[in-house]
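Letter by letter, the chains look like this.
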Amino acid sequence: MNNSFLNSFFSRDTHPRRGLMAFEWVVIGYLLITLVVVLIFHERATNPSQMIWFRVGVLALMFVLWGAYRLRPCLALRVLRVAAHLILLGKWYPDTFELNKMFVPNLDHIFASLEQGMFGFQPALLFAQKCSNHLFSELMCLGYSSYYPMIAAVSLFYLFCRRKEFERAVFVIMGAFFIHYVIFDLVPVSGPQFYYYVVGEDQIAQGVFPNIHDFYATGWDGKCLSIPGWKEGFFHQLVQQAHDAGERPTAAFPSSHVSVTVVLLCLAWHTRNRWLFYCLLPLGILMFFATFYIKAHYAIDAIAGLVSGGLTYWLLMKWSRGENS
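Note that this is a predicted model, so its numbers are computed, not measured.

(A) Inspection of the packing of helix H9 (residues 166-186) against helix H16 (residues 299-320) at higher detail. Two elements in contact, H9 and H16, have axes separated by 9 Å at closest approach and are oriented at 130°. Taken together, H9 and H16 sit at an angle that is classed as oblique. Considering how the two elements wind past one another, H9 and H16 form a crossing that is right-handed. Along the contact surface, H9 presents Arg 168, Phe 171, Val 172, Gly 175, Ala 176, Ile 179 and His 180, while H16 presents Ser 308, Thr 312, Tyr 313, Leu 315, Leu 316, Met 317, Trp 319 and Ser 320. For the contact of H9 with H16, the class distribution of residues is 9 nonpolar, 5 polar and 1 charged.

This is the structure in structure tokens:
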């Protein structure tokens, strides 16, 4: 990496952006809407003060970074603004559970019934049982654990190789996340790893899908099924650790892992760099099947993720057309 390349990160922008970046407006929009919801319905929330202060902190961080950029406008600070909010996505995810359990009872019984009607069985229940060898387990966990590395790879490719479209790509990625967070706020589906645990896998195998109503708002003990497969596997342990660190009974429909992966593949194709696209494609295929192999999603969640990913990409690219191209 030569000095001129490094200097481009810290040299002053010749035409500095005065306002916020497009993706930051997405964050503000979601933040303010959900803040109003928490303030109005705070009596239903488990820890409303924590939810409120989290939003205040995000907003404060955003304007501190924006202020730093205004004092010294350069690419490095623009990248820092992006990186900070990409990291915070992991904090917004469990927040959807706190929001959806305030309003709508759990809907897993409906989705498990739809799954049974579509396939005649539960793919998430049988997949890992039928394909349990070590290699297959590791491939599935490799696919699932590639989620954030894929986000980083596409973002960095745009930063280094398609810099004029970097902010547009970030807007599409961040917009995809927050569109799905809105869906998760309104459609409380926990996924097989939680629902099967509460109901019992023996009941699920017999086609019994009881309505558990507001169980997760009142009686959940924080437990769920462990990740199936080869437990000593390196990638299995990565997925299990990530699961233990922040998984909640939320965000199953549609699968945001599948949907965002579709968005990333579309962004990779948009670069016209086929090497990037074809390197990510096998991981995307593994991701699709891994979502219900590890029981994080029903198969219909993964299928819906393909559709929502394509629609989200088309909508956000159309919305951003002309801004950063």
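(B) The pattern of salt bridges, seen in detail. Within the structure shown, the criterion is met by 7 salt bridges. Here Arg 55 makes a salt bridge to Asp 95, at a shortest N to O gap of 2.6 Å. Note that Arg 55 is positioned in helix H3 (residues 48-71) and Asp 95 in helix H4 (residues 75-100), a separation of 40 residues in sequence. A salt bridge links Arg 78 to Glu 167; its shortest N-O distance comes to 3.2 Å. Here Glu 167 lies in helix H9 and Arg 78 lies in helix H4, a separation of 89 residues in the sequence. Taking relative accessible area as the criterion, Glu 167 reaches 11% and is therefore assigned buried.

(C) Local environment of the nonpolar core. Core analysis: the biggest nonpolar cluster contains 94 residues, and Trp 92, Phe 178, Tyr 181, Tyr 195 and Leu 267 have the highest contact counts within it. Residue contacts for Phe 178: discarding those within four places in its chain leaves Val 26, Val 27, Tyr 30, Leu 89 and Trp 92.

(D) Region of interest: unusual backbone geometry. Cis geometry marks the peptide bond from Phe 253 to Pro 254; its omega dihedral reads -15°. Along the chain, the position of Pro 254 falls in the loop between helix H13 (234-246) and helix H14 (256-270). The backbone of His 213 shows a phi angle near 55°, a positive value even though the residue is not glycine. With respect to the helices and strands, the residue His 213 is situated in the loop between helix H11 (201-205) and helix H12 (215-218). Classification of His 213 by relative accessible area gives partly exposed; the value is 46%. Look at Arg 272: it is not a glycine, yet its phi comes out positive at around 65°.

(E) Geometry of H14. Between its first and last C-alpha atoms H14 spans 20 Å; for 15 residues at 1.5 Å apiece the expected length is 21 Å, and the two agree. Summarising burial for H14: 12 of the 15 residues are buried, a large majority. The elements touched by buried residues of H14 are helix H7 (134-145), helix H8 (147-161), H9, helix H15 (274-293) and H16. The N-capping residue of H14, defined by a side-chain oxygen 3.4 Å from the backbone nitrogen of His 257, is Ser 255. Note on H14: the residue one or two positions beyond its end, Arg 272, has a positive phi of about 65°.

(F) Region of the structure containing the packing of aromatic side chains. Scanning the entire structure with this criterion turns up 32 aromatic pairs. Ring centres 6.1 Å apart and planes at 55° place the aromatic pair Tyr 147 and Phe 177 in the tilted group. Here the residue Tyr 147 occupies a position in helix H8, and Phe 177 occupies one in helix H9, the gap between them amounting to 30 residues. Take Tyr 147 and Phe 177: they sit in the same class, and that class is buried. The structure contains a cluster of three or more aromatic residues connected by ring pairs, namely Tyr 30, Phe 54, Trp 92, Tyr 147, Tyr 148, Phe 177, Phe 178, Tyr 181 and Phe 184. A cation sits over an aromatic face here: Arg 81 above Tyr 69, 5.1 Å from the ring centre. Across from the ring centre of Trp 269, 3.5 Å away, lies the NZ or CZ of Arg 274, which sits over that ring.

(G) Fine view of the confidence of the model for the protein chain. Model confidence for the protein chain is summarised by a mean pLDDT of 93, while 97% of its residues fall at 70 or above. Put simply, helix H1 (residues 3-10) is where the protein chain has its lowest mean pLDDT, 71, and H14 is where it has its highest, 98.

(H) Broad picture of the packing of helix H2 (residues 22-40) against H9. As a packed pair, H2 and H9 sit with axes 8 Å apart at the nearest point and diverge in direction by 15°. By the angle between their axes, H2 is roughly parallel relative to H9. Crossing hand, H2 versus H9: left-handed. Contact with H2, carried on its side by Ala 22, Phe 23, Val 26, Val 27, Tyr 30 and Thr 34, involves Val 170, Phe 171, Met 174, Gly 175, Phe 178, Tyr 181, Val 182 and Asp 185 of H9 and no other residues of that element. Here the residues of the contact of H2 with H9 are counted per class, giving 11 nonpolar, 2 polar and 1 charged.

What counts as what
- Residues numbered from 1 in each chain as written.
- Predicted model: local features only at pLDDT ≥ 70, side-chain atom pairs only at ≥ 80, totals over all residues.
- Heavy atoms only, no water.
- Axes fitted to C-alpha atoms, helices over the stretch in contact; angles between N-to-C directions.
- Helix = DSSP H or I, 4+ residues; strand = E, 2+ residues; numbered from the N terminus.
- Parallel < 35°, antiparallel > 145°, perpendicular 65-115°, else oblique.
- Left-handed = near helix turned anticlockwise from the far one by under 90°.
- Contact = heavy atoms within 4.5 Å.
- Nonpolar A, V, L, I, M, F, W, Y, C, P; charged D, E, K, R; others polar.
- Salt bridge = Lys/Arg side-chain N within 4 Å of Asp/Glu carboxyl O.
- Buried < 20%, exposed > 50% of the residue type's maximum accessible area, 1.4 Å probe, protein only.
- Core = buried A, V, L, I, M, F, W, Y, C linked by side-chain atoms within 4.5 Å.
- Expected span 1.5 Å × (residues − 1).
- Polar contact = N/O pair within 3.5 Å; in protein donor to acceptor, adjacent residues only side chain to side chain.
- Phe/Tyr/Trp six-rings, centres within 6.5 Å; stacked < 30°, edge-to-face > 60°.
- Lys NZ or Arg CZ within 6 Å of the ring centre and 35° of its normal.
- pLDDT = per-residue confidence, 0-100.

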